[in-house]
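# Descriptive structure summary
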Amino acid sequence: MNGTVGGADDRTTDAVLVIGSGLKLYREYLVRSIAGRARAAGLELVLINNIQPTWQRAYFDEITVINLFDHELLARTAREVASRRRIVGVMCWDEPFVMPSAHLAAEFGVPGLSVSGVDGCRDKYHTRSLLTAAGLPQPGCEMTATVEEARAAAARIGYPVVVKPRALGASMGVVLAADESELDAAFRVASDASLIGDEPYRGGAIVEGYADGPEISVDGALHKGEYQPMFLARKQTGMPPYFEEVGHVVDADDPLLRDEELIDTLARAHRVLGVEDGITHAEVRLTDRGPVIIEINGRLGGDLIPFLGKTATGIDPGEVLFDVATGRRPDVVATRGSVAGIRFGYPDHDCVVRSVTVPAEAPGLVTAAPMVDPGASLRLPPGGYIARHSFVVCEADDADTCRDRLLAAQALVELDAERIDPLPPGATLEMPTGLLDVDE
């Protein structure tokens, strides 16, 4: 499917190129801020997308629809845009497209994370190897192609180990193996999950030592290699031995934002990876031996974490992203001082959704929404991942109150669903169907 909406034939027009909009539910707040910044700067906003535009029309001056997974077609389409407009920035926040976007930024000579920087982030084994070689605290780690190699690696590293795909997000296919008896199944889950990712990273699994401690994420901005943290989220996971992300809380006054060891570790890691201009989402474990980088993603965080950050701190991630993508030093000084959090609703078992009802009012409720349409199939790990039917976002003056409000709001969500049998072992991994892209 291919087509263009809008357009101009004036090479003197300056424009910012966006690769993939994402869904309205997750990313419209971001696009709204970027569009406002572009208008104020007198720049046009051009989108190359993989779905026909609906809500996107209000924000972009031109939209072209293609198969974004065809990277050669993406490059040709971007060059055609560049033949009519002067590209002054390239943005992308969708994991599968960050690498081709980095190549385009380099080709057009505009600021970006750098191709080598994105490669260092995208390939989790490469990330671990570079950080280990640089002397940053890291767990033992080996890339394995077979279950026999995984067994041998786990024996060398020592249990418990984490087994995971090489290049997926949202903790998909990530499994904890407490001992040898759990290793074979963990390897199969991680290797099978990798098959839904980009072709160069399919098959096999990373085996690494388990970094014990609370997990956090930090969204940070980079301008000419200078790292500036924006906001920090405390992560909550569930469904062990899997690491399904069920919620996050962002506190504008989190003391970890003033922790010199943590910020220095993050800054050093970005230098090692060669990340230059853009926004990254770093995941860190706070262990007894200090902060351990689990991974760095060459994009904004998902799970509406940037929205929580904006709500809690006043720092607008869309404006920051626009600034770094166009060569401006961003302003990341907080203007608010609250706490914002999100909780995702999961079914208790695999199911087909009949309906989801979310609360319109609750103490501290900022927003709530269903995440799937009626008829959606939701499967829990290891048969599927991100089987979310809804979310609630709440705000409060302190973290404890925010967590209490999230639990209270989540308790008001009503799910009507039909139970279905789990997938048999070895069946093809399923992702959620019927994801909601609200157009009201």
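These numbers come from a predicted model, not from an experiment.

## Concerning unusual backbone geometry
- With an omega of -5 degrees, the peptide bond between tyrosine 159 and proline 160 qualifies as cis.
- Tracing the sequence through the fold places proline 160 in the loop between helix H6 (147-157) and strand S7 (161-164).
- Put simply, proline 240 and proline 241 share a cis peptide bond, and its omega is 10 degrees.
- Relative to the helices and strands, proline 241 is located in the loop between strand S11 (226-238) and strand S12 (244-251).
- Even without being glycine, lysine 224 reaches a positive phi, approximately 55 degrees.
- Along the chain, lysine 224 falls in the loop between strand S10 (215-223) and S11.

## Some details on the pairing of strand S19 (residues 390-396)
- Within S19, seven of the seven residues are buried, leaving the element largely enclosed by the surrounding structure.
- Alternating positions in S19 separate into two faces, Ser390, Val392, Cys394 and Ala396 on one and Phe391, Val393 and Glu395 on the other, with burial throughout.
- Note that strand S15 (residues 339-345) and S19 share seven bridges and pair antiparallel. From the neighbouring strand, alanine 340 faces S19, where its bridge partner is glutamate 395.
- Of the pairings in the sheet, the one linking strand S17 (residues 365-370) to S19 comprises five bridges and is antiparallel in character. Of the residues in S19, the one forming a bridge with leucine 365 is cysteine 394.

Reading guide: rules and limits
- Residues numbered from 1 in each chain as written.
- Predicted model: local features only at pLDDT ≥ 70, side-chain atom pairs only at ≥ 80, totals over all residues.
- Heavy atoms only, no water.
- Helix = DSSP H or I, 4+ residues; strand = E, 2+ residues; numbered from the N terminus.
- Buried < 20%, exposed > 50% of the residue type's maximum accessible area, 1.4 Å probe, protein only.
- Pairing = 2+ DSSP bridges.

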